[in-house]
Amino acid sequence: MQSSALTVDDYINALPQDRKEAIQKLRAITLKNLPKGFEEAMGYGMMGYCVPHSLYPNGYHCDPKQPLPFFGMASQKNSINVYHMGMYVQKELYDWFVAEYPKHVSSKLDMGKSCIRFKKPEHIPYDLIGELLTKMTISDWIQMYELNIKPKK
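Residues numbered from 1 in each chain as written. Predicted model: local features only at pLDDT ≥ 70, side-chain atom pairs only at ≥ 80, totals over all residues. Heavy atoms only, no water.

### A word on the pattern of salt bridges
Where charged atoms of side chains with opposite charge meet at close range, the side chains can pair.
Piece 1. One pass over the full model with this rule turns up seven salt bridges.
Piece 2. Lys103 serves as the salt-bridge partner of Glu100, at 2.9 Å between the closest nitrogen and oxygen. Here the residue Glu100 and the residue Lys103 both occupy positions in helix α4 (residues 91-104), the gap between them amounting to three residues, near one helical turn.
Piece 3. Accessibility expressed as a relative area gives 16% for Glu100, which makes it buried.
Piece 4. Accessibility expressed as a relative area gives 60% for Lys103, which makes it exposed.
Piece 5. Several salt bridges share partner residues, and in doing so they unite Asp9, Arg27 and Glu40 into one network. (Salt bridge = Lys/Arg side-chain N within 4 Å of Asp/Glu carboxyl O. Helix = DSSP H or I, 4+ residues; strand = E, 2+ residues; numbered from the N terminus. Buried < 20%, exposed > 50% of the residue type's maximum accessible area, 1.4 Å probe, protein only.)

Right under this line is the structure:
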């Protein structure tokens with residue numbers, strides 16, 4: 001369920017009230033905890049936080065016109081999803097999150113490699129997501145991206 005919103009505010013304003021409150025809270029936690037340098041933008045039909053071209057001119061290898069994505073959030077049909085690309089490439093960070101999750105939420109973790117799905121907004125562990133966002137700087141992410149994801153020439 002991709003949004004056609006051009007701005008983050010438009011995206012949020014189009015959400016139903018229960019989703020809007022959860023996404024606004026996720027946005028506030030993200031802006032409070034995300035290391036300096038990442039920029040908020042719409043990308044791939046969702047809200048995202050990326051490495052701007054001014055810091056990483058090569059952009060995203062799938063579409064170099066796009067900035068390098070790092071973290072995103074989306075209101076999908078059956079869940080609110082957050083996407084943390086750092087967990088996709090750093091097993092230690094993924095393992096840390098999986099171990100910490102049950103300390104914050106009683107519901108079962110529904111997670112892929114970088115996607116965490118929350119079927120009920122009240123199950124979102126906002127403080128844990130905030131802590132997760134502090135664990136990787138913009139330079140850490142660029143280095144991991146180049147080592148683990150970006151195709152080698």
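### Here we look at the side chain of Thr30
Piece 1. Tracing the chain through its elements places Thr30 in helix α2 (residues 17-33).
Piece 2. In contact with Thr30, not counting residues within four places along its chain, are Tyr49, Phe71, Met73 and Leu133. (Contact = heavy atoms within 4.5 Å.)

### Section: unusual backbone geometry
Piece 1. We note that Tyr44 has phi near 55°; this positive angle belongs to a residue other than glycine.
Piece 2. Mapped onto the fold, Tyr44 is located in the loop between β1 (39-43) and β2 (46-51).
Piece 3. By relative accessible area, which is 41% here, Tyr44 ends up partly exposed.

Honestly, that's just the spatial picture; any functional story needs more than this.
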